[in-house]
Amino acid sequence: MAIILKRKPLNLLEKLYLPQIVAGLSTTLKHMVAPKETMEYPEERPPIPKGYRGVPTLVKDPEGREKCVSCQLCEFVCPPKAIRIIPGEIQDEEHANVEKAPKEFDIDMLRCIYCGMCEEVCPEEAIWLQNQYSMSGYSREEMVNNKEKLYELGGTLPDQHFKWKKKKEAEAAGNAH
Amino acid sequence: MSDDQKDDGLISVFIDGEEVRTKPGTNIIEVAASVGKEIPHYCYHPKLSVSGNCRMCLVELGMPGKDRATGKPMLNDDGSPKIMFFPGPAIGCGTNAAPNMHIKTDSDMVKECREGVTEFLLANHPLDCPICDQAGECRLQEFSTSHGAGYSRFVEQKNVKPKRTRLGPRVMLDDERCILCSRCIRFCQEVADDDVLGFTDRGSYSTLTCFPGKQLENNYSLNTVDICPVGALTSTDFRFKMRVWFLKQVKSIDFETSVGCNTEVWSREGKIYRITPRRNDAVNDTWMPDSGRELYKLVESDDRLEICQVDQVKVSPSEALSKAVELLQASDGLAIVGSGRCSVEEQYALKKIAETTKAVGVYLVGRYGEDDGILVSKDRNPNVRGALMTGLIDSLPEESLSELGAKIDSGEVKAILSVKEDLIAAGLSKAQLQKVALISLDTQSYPSTEVAKVAIAGLTPFERSGALVNQQFRIQKFHKAVPGPSGAVDDLVALGTIQANLSGESFPSTVASIWKSLGESGPFEGLSFQSISDEGILLDGTGFDSLPFVEGKSLHFEPKQEAVAAE
Ligand code: SF4
Ligand code: SF4
Ligand code: SF4
Ligand code: SF4
Ligand code: FES
């Protein structure tokens, strides 16, 4: 059943409108001097909190060796199957003891859901979701990050493990007897 | 104890208190496996001698106690027989089941043993899993997870041993990963009969090597890679190509010879990465020759015929087939050259085509080589017996088609339908082939394809399904592992379409449907494609005893010829 609400008649002040205009203007004036809530994106960019999961990237160690050994665990674990790796054998003498490195490494950023599983699973700490969060392109192909792009985005990880270097040194030193 | 030996010749043993009936002489690992209990092991292999060196299979054993003075069985308070367990553990692989034996596979002592063994194995083991091809199918990885401590107490420097050593043309060795189980050594001695591997040095410095001046290069070398429980031995062909956990396995048969080794084809997204043997105790045990593992390269070979052709012009499969039918209808004097590489189903279809067209001759091209007495036989065609049983041919094929050549010269043969054969290699000349209407169905383009009026692009054994009859008259199935090229047509569909058009009656063109007629009568009576088990079914080949089959003795095959000769 319909309910009929009676409207109160306006009093004199309300009829004048002036107090409402003043109140509205004062709010506007307050915000003109108050600190800004928005930012001038993309010229200005927000600070990225620690542990943020941005675009997955590949990193090198401080000596410039690519850390990924193409074990393909990230390819296996990636829920939307965004990663595609073609493994290859390392030819250069210096890192021959590492044996394996990716020949090709593609991450399809139209598929990636930024879950971070690849970073979690990597036994070599070679893949990291870093601060980059905005990816755009004009074609599907552009949205696939290849190996070169991934290393460009990734940069160097300042870790000091040098697992493979130590193994090589142990090999050179030989056994104790 | 003798009262336990009942009529069936089986004895009772008790695994974790549960009674299991088993044949005397079965070792404990196998007895446990028969009831679905896995006793972890590395060095034991069902098809090799027992060496008992890894100690991973330690179990606790006990026998019902007997009073020494009276000889009476000792009983617990509740009247059950008292089991006297030996104070120390024993290896399961080296202990045969004895009547009334009690085995504990899961006690605290057994668990501690496994943890200890695992810790010692890992003491000098490298952390190579991310770059190790065995990862995903590595026993050490699996057992370290299930029976290991989960952490390392080893703080000392690990031993270094030779890595990336080439043992032979197809096998790489990483000594750091080797757990010294000696399976590979025993395989070379016992199965391949090529004793080239051995250990040098002692203790934790023990190292697997080839004898000086020798190489692991026999045609069975890759079996060592299969049986190596760790990633010490890896295949140079498969090395770093793909992780095993991405690969799909499909059951297949080795097409190389009439032995018909059972195989598994491993592929990912339509690309084959490797072929490994599949266990069949009646044919190939767990082995296969290296040569058969390379056959998958046929799929992507340079000379692959991917698109059908009519007069050397590329056409769609249906155009090629209708042109073929047209030619076949127009010409009398048709000869059919089938192949020992065709499946039983395709040979049956060919036989029907021969009947419909009243073919003036049906030939097969024989392929004969040297046998090695193990798993490579003299007959290099995998399915000559299938052709005999389907009635396509009634004598053994010859290597040369000279008889057909003579018929072409005399003008008796005016058209040839050839399946999976290079006629020029089989002894016909280009000039002879140019005289006839040649319709060929094949996967590769041969010199003879160039003179074919119609060349139908067919499928390799990895792209189709079917059955083959091996040297023992055992019919075995192979299955499609990867899709064929889009311009190609399934052999059976091609032959079925041709037969249907020629005869004007419908003809089945799938493996399952063709078996409806194959299984109706004749040598395959009562069989269907589904009812052929993965191990194959032994058929009655006595009707062909009079034929002089060429195969000599091999792993599970005795030729019948002596019997024939003695008569
Ligand atoms: S972040 Fe997740 S979705 Fe993206 S590549 Fe890594 S695993 Fe795949
Ligand atoms: S998990 Fe790490 S090491 Fe393995 S392929 Fe991915 S990035 Fe490379
Ligand atoms: S042999 Fe097994 S445990 Fe050892 S590195 Fe290879 S995969 Fe890992
Ligand atoms: S190479 Fe493999 S099979 Fe041979 S002894 Fe070592 S672990 Fe065993
Ligand atoms: S399997 Fe028994 S000792 Fe190795």
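Computed from a predicted structure; not experimentally measured. (Residues numbered from 1 in each chain as written. Chains lettered and ligands numbered in written order. Predicted model: local features only at pLDDT ≥ 70, side-chain atom pairs only at ≥ 80, totals over all residues. Heavy atoms only, no water.)

A few points about the overall build of chain A
So, step 1. Check the secondary structure of chain A and you find six helices and five strands.
So, step 2. Secondary structure elements of chain A occur, N-terminal to C-terminal, as α-α-β-α-β-β-α-β-β-α-α.
So, step 3. Structurally, chain A occupies a C-alpha span of about 105 × 45 × 35 Å along its principal axes.
So, step 4. Counting only residues that meet the buried cut, chain A has 30% of its 177 residues in that class. (Helix = DSSP H or I, 4+ residues; strand = E, 2+ residues; numbered from the N terminus. Buried < 20%, exposed > 50% of the residue type's maximum accessible area, 1.4 Å probe, protein only.)

Structural notes on helix 2 (residues 108–123) of chain B
Residues lying three or four places apart along an α-helix face the same way, a consequence of the helix completing one turn every 3.6 residues.
So, step 1. With 16 residues, helix 2 of chain B ought to run about 22 Å at 1.5 Å a step, and its terminal C-alpha atoms sit 22 Å apart, in line with that.
So, step 2. Buried residues along helix 2 of chain B sit in contact with strand 3 (58–64), strand 6 (102–104) and helix 3 (139–147) of chain B. (Expected span 1.5 Å × (residues − 1). Contact = heavy atoms within 4.5 Å.)

Some thoughts on the pairing of strand 3 (residues 100–108) of chain A
All names here are of chain A.
So, step 1. Note that strand 2 (residues 83–89) and strand 3 share seven bridges and pair antiparallel. In the sheet register, Ile 85 faces strand 3, and the bridge partner there is Phe 105.
So, step 2. The sheet contact formed by strand 3 and strand 5 (residues 144–145) spans two bridges and is antiparallel. Within the sheet, the bridge partner assigned to Asp 108 lies in strand 5 and is Val 144. (Pairing = 2+ DSSP bridges.)

Some points on the nonpolar core
Within soluble globular proteins, side chains that are nonpolar tend to cluster in buried spots.
Residues and elements named next belong to chain B.
So, step 1. Residues Leu 404, Ile 416, Ile 456, Ile 475, Trp 515 and Phe 524 are the most contacted members of the largest nonpolar core, which totals 78 residues.
So, step 2. Sequence-distant contacts of Ile 475, defined by excluding residues within four places in its chain, comprise Val 344, Ala 467, Leu 468, Val 469, Trp 515, Phe 524, Leu 527, Ile 532, Gly 536, Ile 537 and Leu 539.
So, step 3. Counting 52 residues, the second largest nonpolar core, distinct from the first, contains Cys 43, Leu 208, Cys 228 and Ile 374. (Core = buried A, V, L, I, M, F, W, Y, C linked by side-chain atoms within 4.5 Å.)

A look at the site of ligand 4
So, step 1. Residues in contact with ligand 4 amount to 14 residues; listed here are only the nearest, B:Cys178, B:Cys181, B:Ser182, B:Cys184 and B:Cys228.
So, step 2. Here the residues of the shell around ligand 4 are counted per class, giving twelve nonpolar, one polar and one charged. (Near = heavy atom within 4 Å. Nonpolar A, V, L, I, M, F, W, Y, C, P; charged D, E, K, R; others polar.)

Quick word on the sheet that holds strand 8 (residues 171–173) of chain B
So, step 1. Read across the open sheet, the three strands follow the order 7-8-11 (chain B); overall the sheet is antiparallel. Edge strands, defined here as strands with exactly one partner in the open sheet, are strand 7 (165–166) and strand 11 (233–235) of chain B.

Comments concerning the layout of surface pockets
All names here are of chain B.
So, step 1. Approximately 1100 Å³ is the volume attributed to the largest pocket.
So, step 2. Forming the boundary of the largest pocket are 42 residues, of which His 45, Glu 137, Arg 183, Asp 226 and Ile 227 lie nearest the centre.
So, step 3. Within the residue set of the lining of the largest pocket, elements represented by two or more residues are helix 1 (28–34), helix 3, helix 5 (222–227), strand 11, strand 13 (262–268) and strand 14 (271–277).
So, step 4. When its residues are assigned to classes, the lining of the largest pocket shows 16 nonpolar, eight polar and 18 charged.
So, step 5. Looking at the second largest pocket, its volume works out to about 660 Å³.
So, step 6. Elements represented by at least two residues in the lining of the second largest pocket include exactly helix 2 and helix 3.
So, step 7. Among the elements that take part in the lining of the second largest pocket, helix 2 stands out by supplying five residues, more than any other.
So, step 8. The residue inventory of the lining of the second largest pocket, partitioned by class, reads 14 nonpolar, eight polar and seven charged. (1 Å grid on protein atoms, 1.4 Å probe; cavity = no way out; pocket = protein on both sides within 12 Å on 5 of 7 lines; lining within 4 Å. Points joined across faces, edges and corners; volume = space filled by probe spheres on them.)

A word on the packing of aromatic side chains
Residue and element names in this part refer to chain B.
So, step 1. A complete count under the given rule lists eleven aromatic pairs over all chains for this structure.
So, step 2. Between Trp 245 and Phe 246, the aromatic rings sit 6.2 Å apart at their centres with planes inclined by 55 degrees, giving tilted as the arrangement.
So, step 3. On the basis of relative accessibility, which here comes to 25%, the residue Trp 245 falls in the partly exposed class.
So, step 4. Here Phe 473 and Phe 544 contribute two aromatic rings whose centre-to-centre distance is 5.8 Å and whose plane-to-plane angle is 10 degrees, an arrangement assigned as stacked. With Phe 473 in the loop between strand 22 (466–469) and strand 23 (474–478) and Phe 544 in the loop between strand 24 (537–538) and helix 14 (561–566), this residue pair connects regions lying 71 residues apart in the sequence.
So, step 5. The ring centre of Phe 246 lies 4.0 Å from the NZ or CZ of Arg 268, which sits over that ring.
So, step 6. Over the aromatic face of Tyr 273 sits the side chain of Lys 271, whose NZ or CZ is 5.5 Å from the ring centroid. (Phe/Tyr/Trp six-rings, centres within 6.5 Å; stacked < 30°, edge-to-face > 60°. Lys NZ or Arg CZ within 6 Å of the ring centre and 35° of its normal.)

Describing the site of ligand 2
So, step 1. Surrounding ligand 2, one finds A:Cys68, A:Val69, A:Ser70, A:Cys71, A:Gln72, A:Cys74, A:Ile85, A:Phe105, A:Cys122, A:Pro123, A:Glu124 and A:Ile127.
So, step 2. Within the shell around ligand 2, the residues separate by chemical class into nine nonpolar, two polar and one charged.

A closer look at the confidence of the model for chain B
So, step 1. Confidence along chain B averages 94 in pLDDT terms, with 98% of residues attaining 70 or more.
So, step 2. For this predicted complex, the interface confidence score (ipTM) comes to 0.88, while the overall pTM stands at 0.92. (pLDDT = per-residue confidence, 0-100.)

Describing helix 4 (residues 183–190) of chain B
Residues and elements named next belong to chain B.
So, step 1. Taking burial as the measure, the eight residues of helix 4 include six buried ones, the bulk of the element.
So, step 2. Those residues of helix 4 not exposed but buried are Arg 183, Cys 184, Ile 185, Arg 186, Phe 187 and Cys 188.
So, step 3. Check the buried side of helix 4 and you find it contacts strand 9 (197–200), strand 10 (207–210), helix 5 and strand 11.

Topic: the domain arrangement of chain B
So, step 1. Domain annotation for chain B reports domain 1 (3–117) and domain 2 (309–460 + 487–513).
So, step 2. Between the C-alpha centres of domain 1 of chain B and domain 2 of chain B there is a distance of 59 Å. (Domains from an automatic or database assignment.)

Focus on the interface of chain A and chain B
So, step 1. Listed per partner, the contact involves 26 residues of chain A and 23 residues of chain B.
So, step 2. Summing both sides of the interface, chain A and chain B together bury roughly 2100 Å²; the carbon and sulfur share of this comes to 54%.
So, step 3. By the criterion of area lost to chain B, the three top residues of chain A are A:Glu99, A:Lys100 and A:Asn175, representing 27% of everything that side buries.
So, step 4. A salt bridge links A:Glu99 to B:Arg164; the shortest N-O distance between them is 3.7 Å.
So, step 5. For the side of chain A that touches chain B, the secondary-structure elements that each account for two or more residues are helix 3 (73–77), strand 2 and helix 6 (163–173) of chain A.
So, step 6. At five residues, the largest contribution of residues to the side of chain A that touches chain B is made by helix 6 of chain A.
So, step 7. When the residues that make up the side of chain A that touches chain B are grouped by side-chain class, the tally is eleven nonpolar, six polar and nine charged. (Buried area = accessible area lost by both parts, 1.4 Å probe. Salt bridge = Lys/Arg side-chain N within 4 Å of Asp/Glu carboxyl O.)

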